[in-house]
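Chain and residue survey
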Amino acid sequence: DGSDDNEEGSAIENEENTKGTDKGRKRATPRTRRAHARGRDRHGDDENEDDEEGTRRAGHRRHRSRRRGRAAGNEASDSDMEPTKARKNQANQKSKEDDEEEEDEKGGKSGKGKNEKKGDKKSDKKGKKEKANKKKKDKKKSGSGSDSESEEEPITEEELAKLKEEVEEKKKLIATLRNKPWKMKKKLSVLKEAQLFVEKFEGALGKGKGKKFYAYKVMMTKKWMKFQRDFENFKTACIPWEMKIKEIESHFGSSVASYFIFLRWMYGINMILFGLTFGLVMVPEALMGKPYGSLPRKTVPRAEEATAMNFATLWDFSGFAQYSVLFYGYYNNQRTIGWLKFRMPLSYFLVGVGSIGYSFMIVTRTMAKNANDDGGGDDTSFNFSWKMFTSWDYLIGNPETADNKFASITTSFKEAIVEEQESRKEENIHLTRFLRVLANFLALCTLAGSGYLIFFVVRRSQQFALEGLENYGWWERNEVNTVMSLLGMFCPTLFDVISSLENYHPRIALRWQLGRIFALFLGNLYTFIIALMDEINLKARYFLSFTLEEEKIVKYNMTIWEASLYNGTIPENSTAPPIQVDPADVPRGPCWETMVGQEFVRLTVSDMMTTYITILIGDFLRAVFVRFFNYCWCWDLEYGFPSYSEFDISGNVLGLIFNQGMIWMGSFYAPCLPAINVFRLHTSMYLQCWAVMCCNVPQERVFKASRSNNFYMAMLLFILFLSTLPAVYTIVSIPPSFDCGPFSGKTRMFEVISETLEHDFPSWFGKVFGYASNPGLILPFILLMVLSLYYLNATSKSYKEANLELKKKLQSVRIKN
Amino acid sequence: GDMGGSASLIPQDLLSEYQELTFLSKQEILLAYKRFSELLPKEEREDAYSARVPKSQILTLPELRANPFQHRICHVFSTSETGDDSMSFEDFLDMLSVFSDSATSDVKSHYAFHIFDFNDDGILDRKDLEHLVNCLTGQGEECQLSITEMEQLIQNILEESDFDKDGTISLPEFQHVVSRSPDF
């Protein structure tokens, strides 16, 4: 074969010389040239058939027939008929083209792959299609005519491979056809060509051994691709609210729409969380667990029974709502329930951990995707060009928004020009600095004040709870939630006012604003948690210090009480048959998990109410007022003071993020939280879409949403991390209540895992796990992870630097030219 | 109901080919067909696939109405031989495909360049850039930039993007500039 190569190589060179092509272009590496030479050999030979009659051609043909055992002449055996014919057809077509195209095929135009070469060739053949087709038919006829005499020849491996390669290339071409900036006609004709070619030869390729399998494989691939395409279409059709969001986009631009897209994405996440908690925790307990009223923990205590069905109690999530699958306390600690032997405590634990894990995974994945789309990140070298070429928002379809967009573009141009021209104004820098320090100080004061207020209010509510909530009115009962919601509403406005002192560039001012609101919400949430935790810790410390005795005391009290029913001796051992006592009368131990869950649920509900009321009053009533009172008012309401409100994107997005943080924190203690959140997001979407279209006007400063996307994702990730800390802490360090929930009776919640390992897995599994959780193994593993992190960081840095180098080189080369 | 009707007017194999060749999904193509045939007068609706819609009709689409580049967009995507910028259904599909979310940056920047090239000479020279700025700043007198501002702006742009310093921006330079932008 080596000798063949050389011959081919020299033949090619000669051909190239004859055609007078530009040698400069053929500086491919010898190896590729060889490979190309092989492929081109056939094309070249075919081309020569029509152009030249010569010994060289005969030599080639003889050479070819030596390889393929064909008779001199261009007839192929039956098995080779189609490939050769195709090559001949291609040859015919090519021979009609100009030199340039042949050169394209021969040489390697830099930056163009083989696909594009072929594609370009084919596209240029549009006009000559009819001639080529006719020729094809002629050749076919002639081929078939004289084929009848020749015998079957096996296709050599090489040819097979070559053919496969060509078919693969054609397939690749078909797949990338939509990326080419051609007109539809061109694309259609190229597509048809390529499809015909692929169809013809896929059959031929299957000759020889494994033909059936190959054909089967091809058919399966086709079916798979069709399935993928249909699935894509189906997925696109399934996306909810697409038309609504598009409408908003056209009226308000992409930044407002990005909030709704974010909302929709959150809705998706919450649906999955809801599916997990509902399907794996709530439904099994409801279907297979002991029914309501069979156990003390599942029954409303006698004392509360009278008010248990009241709407007020239910709205407060006590009464019947508390003693149901909605909260932690209802679940029984039986290891398996029902005939399916469903491991309820294990499932509860795993769902809790799994929700957190899933959320982490999906947020990180979205961040990575966004980072990819972002390109090189912050590049300030193209400020003006980007302003010019990318500032128009093509999604705007409303003339009013378009006018606003024009105005904002003009302003931004003027600003940028001014900034570029003038040097920084040095005057009054001390005043500016002083004002900025003052503003930051004021912001810090606000934050501290709001934190203290929340702490104070939570403490007060605990006092109220100790003294019995019935003695207090509505305000005292809902003090905490209302205060938190009000703080969340008014402090951002306060920050806005403070920021006017600072006199920053609008983009920088927005960043400060977002940062401050973030700190506010975070501070509020954490003060709330700390206050709650304080209370729990008090109880926990109470337990820890008196733990066993306390339990014993309560349990002893219970047995005594039971015994009193016997009217007789105190049973020391429980061999006596248990008396049927109504579970509602049994004295209960405290259940802090349910209490925590209830707090979170109440917070979520009140947050939801506050948002809706704010929208209705702040946006809708305001719009109604401005619209109808404008006729009888002294100044123009629409342009003057109240005017219509703008949609506050950052406030809404942050609200959404913090709401989600609360859900993540509380869903371990109240499995109903994701369900409530799904409901909340669903109604939010409709309400806010309606409110935006009906009561809001496009913003004056229409800006694009893309830069902020990753900022919001980063905040979400941070919140997720912070939200999981309390749950993890309680799982690991605080003993669960002994009288309620699926982990009652254990000293720590995670013991359910070791229990499962003991009972449900073969013994060697437990041993392996024991070894794996040995610190001797864990520490080296952690070390390994740290090392790999360091390594990956180092490589990514080096790639970035290489990138920069290349960029600089590019610039300098361009400048030189 | 309507979807079923319009689906029968595009042959099935053509529909799947359009799906291959554009970035649109099947529903989007059918919706495009519906919108397109609504632009035609009633008599021609049956034959929407091979009809051409005059430019004035295309510009009534809400998406193009407020767009300052509406004329250029029609011109760039039209394959009309008479130069009247009328569009056939395939041109319409091309346009929707390029503007869709899933189109690659290469395709978009290629077409954007041609849209911005007001005099169709294959490069963006000073006149093109001036025209571009005037489009972006709106039609009112007070919105336009002054002569000095315009000069300054164009100067800055050329400094940033014109790598070979020939006073014009060519397609590769344009693509290099906008490919770095996250907003494109």
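All figures in this text were calculated on a predicted structure; none of them were measured in a lab. Residue numbering note: each chain is counted from 1, following its sequence as written. Lettering for chains starts from A, numbering for ligands starts from 1, and both go in the order in which the items are written. At least 70 in pLDDT is required for a residue's local features to be given in this predicted model, at least 80 for side-chain atom pairs to be given and counted, and no such filter applies to totals for whole chains, interfaces and linings, which use all residues. By convention in this description, side-chain values take in all heavy atoms of the structure and omit both hydrogens and water.

Here we look at the overall build of chain A
Just so we agree on the cut-off: Counting from the N terminus, the helices are the DSSP runs of H or I reaching at least four residues and the strands are the DSSP runs of E reaching at least two. The cut-offs for exposure are 20% and 50% of the maximum accessible area for each residue type, with area from a 1.4 Å probe on protein chains only; residues under the lower value are buried, those over the upper are exposed, and the others partly exposed. The contact rule is simple, with two residues in contact once any of their heavy atoms fall within 4.5 Å. To be clear on the numbers: accessible area is Shrake-Rupley with a 1.4 Å probe, and residue cover counts the displayed protein chains and nothing else.
Within chain A one finds 27 helices and 2 strands. Expressed as a percentage of its 817 residues, the buried residues of chain A come to 43%. Of the contacts formed within chain A by residues at least 6 apart in sequence, a portion of 76% connects residues at least 24 apart. Looking at chain A as shown, the accessible area adds up to about 44300 Å², and 62% of this sits on carbon and sulfur atoms.

What to know about the overall build of chain B
A tally of regular secondary structure across chain B gives 11 helices and 2 strands. Listed N to C, the secondary structure of chain B is α-α-α-β-α-α-α-β-α-α-α-α-α in terms of helices and strands. The buried share among the 184 residues of chain B stands at 53%. Of all intrachain contacts in chain B linking residues separated by at least 6 positions in sequence, the fraction that spans at least 24 positions is 51%.

Brief notes about the interface of chain B and chain A
You'll often see interface size given as the accessible area lost when the parts meet. So the rule is basically this: Here the quantity called buried area is the total loss of accessible area, with a 1.4 Å probe, experienced by two parts when brought into contact, counted for both. Within this document, salt bridges are pairs made up of a side-chain nitrogen of Lys or Arg and a carboxyl oxygen of Asp or Glu, the two lying within 4 Å of each other. For the purposes of these results, a polar contact is taken to be a pair of N or O atoms within 3.5 Å, where, inside protein, one atom must be able to donate a hydrogen and its partner to accept one; residues adjacent in sequence count only when each atom of the pair is a side-chain atom. Gly falls in the polar group here, along with every residue not listed as nonpolar (Ala, Val, Leu, Ile, Met, Phe, Trp, Tyr, Cys, Pro) or charged (Asp, Glu, Lys, Arg).
If you look at the interface, chain B gives 63 residues, while chain A gives 55 residues. With both sides pooled, the region where chain B packs onto chain A buries about 5500 Å², and carbon together with sulfur makes up 62% of that total. Taken as a group, Leu21, Leu136 and Arg180 of chain B account for 14% of the area that chain B buries against chain A, more than any other trio of residues on that side. Along the contact surface separating chain B from chain A lie 2 salt bridges. Salt-bridge contacts for Asp94 of chain B lead to Lys187 of chain A; the nearest nitrogen and oxygen are separated by 3.5 Å. Taken together, the connections running from chain B to chain A amount to 7 residue pairs in polar contact (both at pLDDT 80 or more). When residues in the side of chain B that touches chain A are grouped by element, the largest group, 7 residues, is from helix H10 (residues 147–161) of chain B. A class-by-class count of the residues in the side of chain B that touches chain A yields 33 nonpolar, 17 polar and 13 charged.

Some details on the packing of aromatic side chains
Rules: What counts as a ring pair is set by centres within 6.5 Å for rings of Phe, Tyr and Trp (its six-membered ring), and what kind of pair is set by the plane angle: stacked under 30 degrees, edge-to-face over 60, tilted for all other angles. Geometrically, a lysine NZ or arginine CZ counts as sitting over a ring once it is within 6 Å of the ring centre and also within 35 degrees of the ring normal.
This structure, assessed with the given rule, holds 39 aromatic pairs over all chains. Here the aromatic rings of Phe36 of chain B and Phe92 of chain B are separated by 5.3 Å at their centres, their planes lie at 40 degrees, and the arrangement is tilted. Of this pair, Phe36 of chain B sits in helix H3 (residues 26–39) while Phe92 of chain B sits in helix H7 (residues 89–99), and the two are 56 residues apart along the sequence. For Phe36 of chain B, a relative accessible area of 0% gives the class buried. By way of ring pairs, the aromatic residues Tyr328, Tyr330, Tyr331, Tyr348, Phe349, Trp592, Phe668, Tyr669 and Phe743 of chain A are connected into one cluster. In this structure, Lys170 of chain A is placed above the aromatic ring of Phe197 of chain A, and the distance from its NZ or CZ to the ring centre is 4.6 Å. Positioned over the ring face of Tyr330 of chain A is Lys298 of chain A, at 4.6 Å from the centre of the ring.

Quick look at a nonpolar patch on the surface
Residue and element names in this part refer to chain A. Using the following cut-off: The patch calculation keeps residues exceeding 30% relative accessible area without a salt bridge and links them within 9 Å when they carry like charges or within 5 Å when they are nonpolar (Val, Leu, Ile, Met, Phe, Trp, Tyr).
Together, Phe311, Trp315, Met609, Ile613, Leu616, Ile617, Leu621 and Trp690 line one region of the surface with nonpolar side chains, adding up to about 820 Å² of accessible area. If you list the elements that add at least two residues to the nonpolar patch, you get helix H13 (311–315) and helix H21 (592–629). Per-element tally for the nonpolar patch: the top contributor is H21, with 5 residues. Turning to its location among the elements, Ile613 is positioned in helix H21. Taking the relative accessible area as the measure of exposure, Ile613 reaches 47% and is therefore partly exposed.

Details of unusual backbone geometry
Residue and element names in this part refer to chain A. Positive phi, normally seen in glycine, also occurs at Trp241, with a value near 65 degrees. Within the element layout of this structure, Trp241 appears in the loop between helix H10 (211–238) and helix H11 (242–252). Notably, Lys341 is not glycine yet its phi reads approximately 55 degrees, a positive angle. Relative to the assigned elements, Lys341 resides in the loop between H13 and helix H14 (344–373).

A few points about the pattern of salt bridges
Working definition: two side chains of opposite charge can pair if their charged atoms are close together. Residues and elements named next belong to chain A. Enumeration over the complete set of coordinates arrives at 16 salt bridges over all chains. For the salt bridge of Asp230 with Lys226, the shortest nitrogen-to-oxygen distance reads 3.1 Å. Highlighted residues: Asp230 and Lys226, both in helix H10, separated by 4 residues, approximately one helical turn. Classification of Lys226 as exposed rests on a relative accessible area of 53%. In this structure, the salt-bridge partner of Glu242 is Arg264, at a minimum N-O distance of 2.8 Å.

Concerning the environment of Val256 of chain A
As for its position among the elements, Val256 of chain A is in helix H12 (residues 254–288). The sequence separation of Val256 of chain A and Phe647 of chain A amounts to 391 residues, and the corresponding C-alpha distance is 7.3 Å.

Describing the packing of H11 of chain A against H12 of chain A
Between two packed helices, what matters for the description is the angle formed by their axes and the separation of those axes. All names here are of chain A. Put simply, the test is: An axis is simply a line fitted to the C-alpha atoms; with a helix, the fit covers only the stretch in contact. Between two such axes, the angle follows the N-to-C directions and lies from 0 to 180 degrees. Small angles under 35 degrees read as roughly parallel and large ones over 145 as roughly antiparallel, with 65 to 115 read as roughly perpendicular and the rest as oblique. By the definition used in this description, the sense in which the near helix is turned from the far one sets the handedness, with an anticlockwise turn below a right angle giving left-handed and a clockwise turn giving right-handed.
Following both chains from N to C, one finds H11 and H12 inclined at 160 degrees, their axes separated by 7 Å at the closest point. Classified by the angle their axes make, H11 and H12 are roughly antiparallel. The handedness of the crossing between H11 and H12 comes out as right-handed. For the pair H11 and H12, the contacting residues are Glu242, Ile245, Ile248, Glu249 and Phe252 in the first and Ser254, Val256, Ala257, Phe260, Ile261 and Arg264 in the second. Split into classes, the residues belonging to the contact of H11 with H12 amount to 7 nonpolar, 1 polar and 3 charged.

Let's talk about the side chain of Ser88 of chain B
Its location among the elements puts Ser88 of chain B in strand E2 (residues 87–88). The residues contacting Ser88 of chain B, other than those within four sequence positions of it, are Phe36, Ala51 and Arg52 of chain B.

Quick word on helix H6 (residues 70–77) of chain B
All names here are of chain B. Counting buried residues along H6, 6 of its 8 residues qualify, which places the element largely inside the surrounding structure. Along H6, the positions that sit buried rather than exposed are Gln70, Arg72, Ile73, Cys74, Val76 and Phe77. Close packing links the buried residues of H6 with helix H4 (55–58), helix H5 (62–65), E2, H7 and helix H8 (105–116).

Some remarks on the packing of helix H9 (residues 126–136) of chain B against H10 of chain B
Residue and element names in this part refer to chain B. Across the interface, H9 lies against H10 with an axial gap of 10 Å and an inter-helix angle of 120 degrees. On the basis of the axis angle, H9 is oblique to H10. Classified by chirality, the crossing of H10 by H9 is right-handed. Between H9 and H10, the residues in contact are Arg126, Leu129, Glu130, Val133 and Asn134 and Met150, Glu151, Leu153, Ile154, Gln155, Ile157 and Leu158, respectively. Considered class by class, the residues forming the contact of H9 with H10 number 7 nonpolar, 2 polar and 3 charged.

Regarding the side chain of Ser723 of chain A
Tracing the backbone through its elements, the reader meets Ser723 of chain A in helix H24 (residues 706–733). Taking relative accessible area as the criterion, Ser723 of chain A reaches 1% and is therefore assigned buried.

Notes on the nonpolar core
What counts here: In plain words, nonpolar cores are sets of buried Ala, Val, Leu, Ile, Met, Phe, Trp, Tyr and Cys residues tied together by side-chain atoms within 4.5 Å.
If you look at the biggest cluster of nonpolar residues, it comprises 98 residues, and the most contacted ones within it are Phe260, Phe528 and Val601 of chain A. Element by element, the count of residues in this core is highest for H12 of chain A, at 13 residues. For Phe528 of chain A, the contacting residues outside a window of four places in its chain are Ile454, Val458, Val480, Met484, Glu599, Phe600 and Leu603 of chain A. Of all hydrophobic cores here, the second largest spans 77 residues; its members include Phe201 of chain A together with Leu21, Ile58 and Tyr111 of chain B.

Re the environment of Pro62 of chain B
Mapped onto the elements, Pro62 of chain B comes out in helix H5. Filtering out sequence-adjacent residues up to four positions away, Pro62 of chain B remains in contact with Gly397 of chain A together with Arg35 of chain B.

Quick look at the confidence of the model for chain A
All names here are of chain A. Test applied: pLDDT measures the predictor's confidence residue by residue and takes values from 0 up to 100.
Per-residue confidence for chain A gives a mean pLDDT of 72, with 68% of residues at or over 70. Ranking the helices and strands of chain A by mean pLDDT puts helix H23 (residues 673–695) first, with 91, and helix H5 (residues 99–106) last, with 39. Ignoring residues within four places in sequence, the model shows residues 1–152, a span with pLDDT below 50, making 192 contacts including any to other chains.

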